[in-house]
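Structural features, examined
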Amino acid sequence: MGGDRETAILRVWHQHAAPWTRAVREQAIASRRLVTDAAIVEVVLARRLQRVIDVGCGEGWLLRALARHGIEGLGVDAVPALVESARATGGGRFLAMDYAAIAAGALREQADVVVCNFSLLGGESVDALLGAMPALLAPGGALLIQTLHPWSACGDGAYRDGWREGSWAGCGEGFGEAAPWYFRTLAGWMRSFAAAGLVLESMREPIHPQSGQPASVIFVLVPR
């Protein structure tokens, strides 16, 4: 069953590259516009770095933002249409490569910071990807993960690791079927990090200025 859901994630994102690009570039998603985009940029810039790899880069907005600060970036995404949009707009180098290939060692690159910004949606696929992260980090490098905060993302469901139904609510028009995603508790994230040989250095919880609730969680991780 998990494999079917992993496949569904990719299928849905292949189908929604165009509306997603539009939603990001038109700043249609309030939480991104108000807090989470700025939060991840701030955490990246707080590191001493020259080079970034953005895994799950989408249409490339983060690398464009970092390029304005003189940071060289490589963006990688499993959806070729998103990679094409990123290349057309510029701001870095962009590759089409899925997480399974990265997990298998196909991405022969290193950077001071690897970023996964709301791009870790699966279960087993994410665990495999995390296992490849230490090899992508230059000495002294760090992995930065921004994801939905388990406390606020839990909703009415039980607070335990497991698959959830997705939603495009708040993303604007042009969306259809939503991709499933794998919910992790904070303890679940810690187990995945430990299994991948990663240690939590710090954690931030960006607060939504209107609700006063955490809009996301940002993990800063280093190799053990």
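Chains are numbered independently. Their residues run from 1 in the order of the written sequence. Given that this is a predicted model, residues contribute local features only at a pLDDT of at least 70 and side-chain atom pairs are listed and counted only at 80 or more, while totals for whole chains, interfaces and linings are drawn from all residues. Water and hydrogen atoms play no part in the side-chain values, which are based on all heavy atoms of the structure.

A closer look at the pattern of salt bridges
We define a salt bridge as a side-chain nitrogen of Lys or Arg found within 4 Å of a carboxyl oxygen belonging to Asp or Glu. Evaluated as defined, the whole model comprises eleven salt bridges. The closest approach of N and O atoms between Glu72 and Arg51, which form a salt bridge, is 3.5 Å. You can see Glu72 sitting in strand 2 (residues 72-77) and its partner Arg51 sitting in strand 1 (residues 51-55), a full 21 residues away along the chain. Burial classes follow relative accessibility: with a 1.4 Å probe on protein chains only, a residue under 20% of its type's maximum area counts as buried, one over 50% as exposed, and anything between as partly exposed. A residue is classified by how much of its surface remains accessible, and Arg51, at 15% relative accessible area, is buried. What emerges from the salt-bridge pattern is a single network uniting Arg51, Glu72, Arg93 and Glu109. Helix and strand definitions follow DSSP, with helices as H or I runs of at least four residues and strands as E runs of at least two, each counted in order from the N terminus.

Observations regarding the packing of aromatic side chains
Centre distance within 6.5 Å is the pairing criterion for rings of Phe, Tyr and Trp, where only the six-membered ring of Trp is used; planes under 30 degrees apart are then read as stacked, over 60 as edge-to-face, and the remainder as tilted. If you walk through the whole model with that rule in mind, you get ten aromatic pairs. Between Tyr159 and Phe183 the ring centres are 5.9 Å apart and the planes differ by 75°, which places this aromatic pair in the edge-to-face class. Separated by 24 residues along the polypeptide, Tyr159 in the loop between helix 8 (150-153) and strand 6 (162-164) and Phe183 in strand 7 (residues 181-183) bring together distant segments of the chain. Under the relative-accessibility criterion, Tyr159 is labelled partly exposed at 45%. Every member of this aromatic cluster is reached through a ring pair, and the members are Trp13, Trp20, Trp168 and Phe175. Note that Arg164 overlies the ring of Phe183, its terminal NZ or CZ placed 4.1 Å from the centroid. Over the ring of Trp189 we find Arg184; its NZ or CZ atom is 5.0 Å from the centre of that ring. Both a distance and an angle decide whether a charge sits over a ring: NZ of Lys or CZ of Arg must be within 6 Å of the ring centre and within 35 degrees of the ring normal.

Focus on the environment of Ala78
On the secondary structure map, Ala78 appears in the loop between strand 2 and helix 5 (80-89). Residue classification places Ala78 among the buried residues on the basis of a relative accessible area of 19%.

A look at the environment of Ile207
Its place among the elements puts Ile207 in the loop between strand 8 (198-204) and strand 9 (217-223). Note on Ile207: relative accessible area 45%, which makes it partly exposed. When the C-alpha atoms of Ile207 and Leu34 are compared, they prove to be 9.7 Å apart, with 173 residues separating the residues in sequence.

Considerations on the nonpolar core
Among the nonpolar cores identified, the biggest contains 38 residues, and Trp20, Ile40, Val52 and Leu144 are the most heavily contacted of them. Elements that contribute at least two residues to this core include exactly helix 1 (2-15), helix 2 (17-25), helix 3 (30-45), helix 4 (61-67), helix 5, strand 4 (111-117), strand 5 (137-147) and strand 9. Residue contacts for Leu144: discarding those within four places in its chain leaves Ile40, Val43, Val44, Val113, Val114, Val115, Cys116, Phe219 and Val220. Remark: nonpolar core denotes a set of buried residues (Ala, Val, Leu, Ile, Met, Phe, Trp, Tyr, Cys) joined through side-chain atoms within 4.5 Å. Grouped together as the second largest cluster of nonpolar side chains are 28 residues, Met97, Leu120, Leu130 and Leu137 included. Residues are treated as being in contact if the distance between any of their heavy atoms lies within 4.5 Å.

Observations regarding the state of the cysteines
Pairs of cysteine sulfur atoms within 2.5 Å are identified as disulfides in what follows. Applying the stated criterion across every chain yields a total of zero disulfides. With no disulfide partner, Cys57 has as its closest neighbouring cysteine sulfur the one in Cys116, 11 Å distant. Classification of Cys57 as buried rests on a relative accessible area of 5%.

Examining unusual backbone geometry
In the Ramachandran plot, Gln27 falls in the positive-phi region, its phi being about 50° despite a non-glycine side chain. With respect to the helices, strands and loops of the structure, Gln27 is situated in the loop between helix 2 and helix 3. In this model, Phe118 sits at a positive phi of 55°, which is unusual for a non-glycine residue. Mapping Phe118 onto the fold places it in the loop between strand 4 and helix 7 (124-136).

Re the sheet that holds strand 3 (residues 93-96)
Two strands qualify as a pair provided that DSSP identifies no fewer than 2 bridges between them. Taken in spatial order, the seven strands of this open sheet run 3-2-1-4-5-9-8, and their pairing is mixed. Looking at the sheet topology across the chains shown, the edges are occupied by strand 3 and strand 8. When the angles between neighbouring strand axes are averaged without regard to direction, this sheet yields 20°. Here strand 4 runs beside strand 5; their pairing, made up of six bridges, is parallel. Only the stretch in contact is used when fitting a helix axis, every axis being a line fitted to C-alpha atoms; angles between N-to-C directions are given from 0 to 180 degrees.

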